[in-house]
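# Breakdown of the fold
If you want the building blocks of each chain, they are given just below.
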Amino acid sequence: MATTRLSPAEIARQLLGISPDRDERASQLCAETLLTLIANAYAAPKPGKLRSPKKRQFAIRSLVTGTNFLDKREEARIGSGQFSVVSYGQALAAGSDFGASENLALAKAALEGLIDPQTRRGQAGTWLLYPFAEELLWYDARQTQGRPWDVRKVYMRGSGITLARLLLNPSSGAARQHGKRAVAALRDALQDRSQVAHIASHLEAPLAGLDRAIDTEPDEVEAWDSGDSEDLQPLANALCAHAASIMGQSGVGSTAKLWRFRNLLGVNLAVHTAQRAWAATGTPEDERYLLLSVGGPERHANNVRQRSEECYQSVRTRIREAIIRTLADGMQELAKRERRTIDWAAEFEARSNLERVAEQLPKARTYQDYEIQARHAFEQAAYGRPIDGFRVLLESVGMVRGHSGWRYLTATPDLMGAFIGALSDRMPMPSREFFEHLFKQWRIVLSPEIASRTSLLKRLDGSELARNARRVERLLVEAGLAVSLSDSTTIVGGSLGVGL
């Protein structure tokens, strides 16, 4: 009999089709997605042939971070025998020339500028570079006391493997064509040769053949297989279409496209979480929206921002209730099938300390009984990870600002660039039409015309939203993503837009 069917990860998969981690930002999500594509040669592997996205790149990482990732390694000497693996790592971490090398300090300085600041926390093993080339991508790593560094799960938890599956092997024909175009363009962008990519390849060359192949773990296969879930097909359709548009933009450099792709992954997964929660809780259609507040007066005088704060908290509450309902449904379904034989304690995660809940479940008879125990379980164990995951993903793409008491939804030029890229096959268009597509694709509200389709205008004056929309237009123009015409019409993705 299967166990831990009521674990936080399993309940998240039942609700969302995927199990996002609470610490996984868009940077880690993007890196794991791209590493999975790279490891499997940008093609869907045959059954049983999935290759792990875990990639070490310990030489280049030593140079970039100033940390010797080759410490405590005992392999034979490398090159002409002048260096052991450990001393090679020491020399790279120092960033000074050695042997026949030259200008390592300059290379180090250049590569340090590519460190993603959102990942620069904790051990250097979790630092990532911007996802601009195959050679600059690697997996999380940790060093335990007295042992060498090795790649392992820290912030990357398998969500990127699932998203790679959605790109490589979606179920619908239309999505398959979009996915094929997106993956081919991603390959071309990541393999676009640059000087920093050449440096990374050169530094890794002495270690070729020394590192053993990394075995694919069962949970990586599980993450891949979960991409076949029917619940994920709307996400697959949107992801493939949006990624194909972003990566297919003409006149846009490969680094800009890859950065927009990174932001797209984060916002699409977060919006998928909200949409699944709305569906699970039966949220009325006119309450399914994300209100973005851009600029404006201070908080106390900014009604749009205050309603955005309420909107953000409302979505988090819906996710919470959806998790509890999914858990209660799971409890009731197990009881119907296996009441006489089920070991309730074994169905929960071992470290969850839900013994009291397990003791009460055999006494449950009505759905309300199961819901009460599900609420107790939620309060005591880590079932809220998707709620934190929703916040962290949106924070990492610039769509959430503020502190714990007053977080609100907003937009940045980078985020708007990702939206425009995802809609580039329809560009240029007037801002009013752009706002329409934002609502249709991501349930984003920016203007009174769109708000009229929701319950929002019952709580917010339309004139304030009109000013919010104009501030968004100014943001787009100032970022070079739109052009303002003399008749006050703003064209998004026009002559000054997508091409930059």
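Cut-off values and rules
Residues numbered from 1 in each chain as written. Predicted model: local features only at pLDDT ≥ 70, side-chain atom pairs only at ≥ 80, totals over all residues. Heavy atoms only, no water. Pairing = 2+ DSSP bridges. Helix = DSSP H or I, 4+ residues; strand = E, 2+ residues; numbered from the N terminus. Expected span 1.5 Å × (residues − 1). Buried < 20%, exposed > 50% of the residue type's maximum accessible area, 1.4 Å probe, protein only. Axes fitted to C-alpha atoms, helices over the stretch in contact; angles between N-to-C directions. Parallel < 35°, antiparallel > 145°, perpendicular 65-115°, else oblique. Contact = heavy atoms within 4.5 Å. Nonpolar A, V, L, I, M, F, W, Y, C, P; charged D, E, K, R; others polar. Salt bridge = Lys/Arg side-chain N within 4 Å of Asp/Glu carboxyl O. Core = buried A, V, L, I, M, F, W, Y, C linked by side-chain atoms within 4.5 Å. pLDDT = per-residue confidence, 0-100. Arc of directions from axis to C-beta. Disulfide = S-S within 2.5 Å. Phe/Tyr/Trp six-rings, centres within 6.5 Å; stacked < 30°, edge-to-face > 60°. Lys NZ or Arg CZ within 6 Å of the ring centre and 35° of its normal.

### Remarks on the sheet that holds strand 6 (residues 429-430)
Pairing is antiparallel in the open sheet, where 3 strands are placed in the order 6-9-8. Two strands in the sheet have a free side with no partner beyond their single neighbour: strand 6 and strand 8 (482-484). When strand 8 meets strand 9 (residues 490-492), the two strands line up antiparallel, connected through 3 bridges. Directly across from Ala 482, in strand 9, lies its bridge partner Val 492.

### Some words on helix 11 (residues 254-280)
End to end, helix 11 covers 39 Å across 27 residues, agreeing with the expected 39 Å (1.5 Å per residue, within 8%). Most of helix 11 is tucked away: 21 of the 27 residues are buried. Gly 282 sits one or two positions beyond helix 11 and adopts a positive phi of about 65°.

### Topic: the packing of helix 10 (residues 233-247) against helix 17 (residues 413-422)
Two elements in contact, helix 10 and helix 17, have axes whose closest approach is 7 Å; the angle formed by their N-to-C orientations is 100°. One way to sum up the angle between helix 10 and helix 17 is to call them roughly perpendicular. Listed contacts from helix 17 to His 242, Ser 245 and Ile 246 of helix 10 are Ala 418, Gly 421 and Ala 422. Residues that form the contact of helix 10 with helix 17 fall into these classes: 3 nonpolar, 3 polar and no charged.

### What about the environment of Leu 137?
With respect to the secondary-structure elements, Leu 137 resides in the loop between helix 5 (104-112) and strand 1 (141-142). In this view, Leu 137 contacts Ala 31, Leu 34, Leu 35, Ile 38, Lys 55, Gln 57, Pro 131 and Leu 190; residues no more than four positions away in its chain are not counted.

### Looking at the side chain of Thr 326
Its location among the elements puts Thr 326 in helix 12 (residues 303-338). Here Thr 326 falls in the buried class, since its relative accessible area comes to 11%. Sequence-distant contacts of Thr 326, that is, excluding residues within four places in its chain, are made with Ile 11, Gln 14 and Leu 15.

### Structural notes on the packing of helix 3 (residues 58-65) against helix 8 (residues 195-204)
For the pair helix 3 and helix 8, the least separation of the axes is 7 Å and the interaxial angle reads 120°. Considering the angle they form, helix 3 stands oblique to helix 8. Only Ala 200, Leu 203 and Glu 204 of helix 8 make contact with helix 3, whose side of the interface consists of Phe 58, Ala 59, Ile 60 and Leu 63. Taken together, the residues of the contact of helix 3 with helix 8 sort by class into 6 nonpolar, no polar and 1 charged.

### A word on the pattern of salt bridges
Under the defined criterion, the tally for this structure stands at 34 salt bridges. Measuring nitrogen to oxygen at the nearest pair gives 3.9 Å for the salt bridge that ties Arg 157 to Asp 21. Taken together, the residues span a long stretch of sequence, with Arg 157 in the loop between strand 2 (150-151) and helix 6 (159-168) and Asp 21 in the loop between helix 1 (8-16) and helix 2 (26-39) at a distance of 136 residues. Here Asp 150 makes a salt bridge to Arg 212, at a shortest N to O gap of 3.8 Å. Of this pair, Asp 150 sits in strand 2 while Arg 212 sits in the loop between helix 8 and helix 9 (218-225), and the two are 62 residues apart along the sequence.

### Description of the nonpolar core
Membership of the largest hydrophobic core comes to 160 residues, with the highest contact counts inside it found for Met 331, Tyr 383, Met 416 and Phe 434. For this core, the leading source of residues is helix 12, giving 13 residues. Residues contacting Phe 434, with those up to four places away along its chain left out, are Met 416, Phe 419, Ile 420, Leu 423, Met 427, Met 429, Leu 476 and Val 492.

### Focus: the confidence of the model for the chain
Model confidence for the chain is summarised by a mean pLDDT of 93, while 97% of its residues fall at 70 or above. A low-confidence stretch, residues 495-500 stays under pLDDT 50, and its non-local contacts, those more than four residues away or across chains, total 21 contacts.

### What about helix 15 (residues 367-380)?
For the α-helix, the turn length of 3.6 residues means that residues three or four positions removed from each other point alike. With 14 residues, helix 15 extends 20 Å from end C-alpha to end C-alpha; this agrees with the ideal 20 Å at 1.5 Å per step. Among the residues of helix 15, Tyr 370, Gln 373, Ala 374, Ala 377 and Phe 378 are the ones counted as buried. The buried residues of helix 15 all sit within an arc of 145° when viewed along its axis, so they share a single face. Along helix 15, the residues that are exposed and aim more than 90 degrees away from the buried face are Gln 368 and Glu 379. In this fold, the buried residues of helix 15 make contact with helix 12, helix 14 (355-360) and helix 16 (385-396).

### Focus: the state of the cysteines
Tallied over the full model, the rule gives 0 disulfides. Looking at the unpaired Cys 30, the closest cysteine sulfur is the one in Cys 240, lying at 15 Å. On the basis of relative accessible area, Cys 30 is assigned to the buried category, the value being 1%.

### Structural notes on the packing of aromatic side chains
Between two aromatic rings, the relevant description is the distance of the centres plus the angle of the planes. For the structure shown, the criterion picks out 9 aromatic pairs. Arranged with centres 5.5 Å apart and planes meeting at 25°, the rings of Phe 58 and Phe 69 form a pair that is stacked. Of the two residues, Phe 58 sits in helix 3 while Phe 69 sits in the loop between helix 3 and helix 4 (85-94), which places them 11 residues apart along the sequence. With a relative accessible area of 2%, Phe 58 lands in the buried category. Given the relative accessible area of 0%, Phe 69 is considered buried. Arranged with centres 6.3 Å apart and planes meeting at 20°, the rings of Tyr 312 and Phe 390 form a pair that is stacked. Remark: Phe 390 occurs in helix 16 and Tyr 312 occurs in helix 12; sequence separation between them is 78 residues. One exposure class covers both Tyr 312 and Phe 390, and it is buried. Looking at Arg 61, its charged tip hangs above the ring of Phe 69, at a distance of 5.0 Å from the centre.

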